[in-house]
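# Residue-level structure breakdown
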Amino acid sequence: MSATPNGAAAQPFASHSIRLSLNGQDRQLDVLPWTTLLDLLREQLDLVGSKKGCDHGQCGACTVLRDGKRINACLTLAVMCDGAELTTIEGLANGDQLHPMQQAFIKHDAFQCGYCTPGQICSAVGLANEGRAHDSAQIQELMSGNLCRCGAYSNIRDAIVEVVGGEQ
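Residues numbered from 1 in each chain as written. Predicted model: local features only at pLDDT ≥ 70, side-chain atom pairs only at ≥ 80, totals over all residues. Heavy atoms only, no water.

Identification of the protein chain as (2Fe-2S)-binding protein from Pseudomonas pergaminensis is taken from an unreviewed UniProt entry.

It is worth spelling out helix α2 (residues 100-107) at this point. Quick reminder: α-helices carry 3.6 residues per turn. Residues three or four places apart thus point the same way. Along α2, the residues classified as buried are Met101, Gln102, Ala104 and Phe105. Viewed along the axis of α2, the buried residues span an arc of 160°, placing them on a single side of the element. Among the exposed residues of α2, those pointing more than 90 degrees away from its buried face are Ile106 and Lys107. Where the residues of α2 are buried, they touch α3 (117-130) and α5 (153-164). Within two residues after α2, aspartate 109 carries a phi angle of roughly 50°, on the positive side. (Buried < 20%, exposed > 50% of the residue type's maximum accessible area, 1.4 Å probe, protein only. Helix = DSSP H or I, 4+ residues; strand = E, 2+ residues; numbered from the N terminus. Arc of directions from axis to C-beta. Contact = heavy atoms within 4.5 Å.)

Over the atoms, a rolled probe matching the size of one water molecule traces out where space is still vacant. Quantified by volume, the largest pocket comes out at close to 190 Å³. In terms of residue class, the lining of the largest pocket is made up of eight nonpolar, one polar and one charged. (1 Å grid on protein atoms, 1.4 Å probe; cavity = no way out; pocket = protein on both sides within 12 Å on 5 of 7 lines; lining within 4 Å. Points joined across faces, edges and corners; volume = space filled by probe spheres on them. Nonpolar A, V, L, I, M, F, W, Y, C, P; charged D, E, K, R; others polar.)

Looking now at the sheet that holds strand β3 (residues 63-66). One open sheet accounts for five strands, arranged β2-β1-β5-β3-β4; its pairing is mixed. Each edge of the open sheet carries a strand with a single partner, namely β2 (25-31) and β4 (69-72). With strand direction ignored, the average angle separating the axes of adjacent strands in the sheet is 40°. By the bridge criterion, seven bridges tie strand β1 (residues 16-22) to β2 in an arrangement that is antiparallel. (Pairing = 2+ DSSP bridges. Axes fitted to C-alpha atoms, helices over the stretch in contact; angles between N-to-C directions.)

Another aspect to go through is the packing of aromatic side chains. Applying the stated criterion across every chain, the model contains one aromatic pair. Taking the centre distance of 5.0 Å and the plane angle of 90° together, the rings of phenylalanine 13 and tryptophan 34 count as edge-to-face. Taken as a pair, phenylalanine 13 in the segment before β1 and tryptophan 34 in the loop between β2 and α1 (37-44) lie far apart in primary sequence, 21 residues in all. According to the relative accessible area criterion, phenylalanine 13 is exposed, its value standing at 65%. Residue classification places tryptophan 34 among the partly exposed residues on the basis of a relative accessible area of 47%. (Phe/Tyr/Trp six-rings, centres within 6.5 Å; stacked < 30°, edge-to-face > 60°.)

Dropping the structure here:
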């Protein structure tokens, strides 16, 4: 017996075609309407730098840059990124040359286990792009959406201060 009225065949869910620039490369992708950007990156494109921490937008481990601004990839539907320029942790370096924020995180030992580090770095780059952080207290406030279970906050802040300038 058929589960659809009058024996009609069930219709599959329609995917949506999106175009975006991902880490400097133009991509055209077909995505289902409920696919999050994080799931697209990790599961379909094998870009696993962005982490799935809480999956509720509360930890910042999934932070990526959309048009230079930081977003939580776990709360963003992939279809919302049609026409956007996306940068993940994998796209920050220029070949073998690390982004200045990546270099500063290494210099200041701004990580321990490393799980939150990609999101912290992407958020810090977005924060630098915003141009609103002028001292340590502002950086601390503006980075409050990115959690570090290891407690490397002072080193993270020092790394960001080095790159964006400002006072310790």
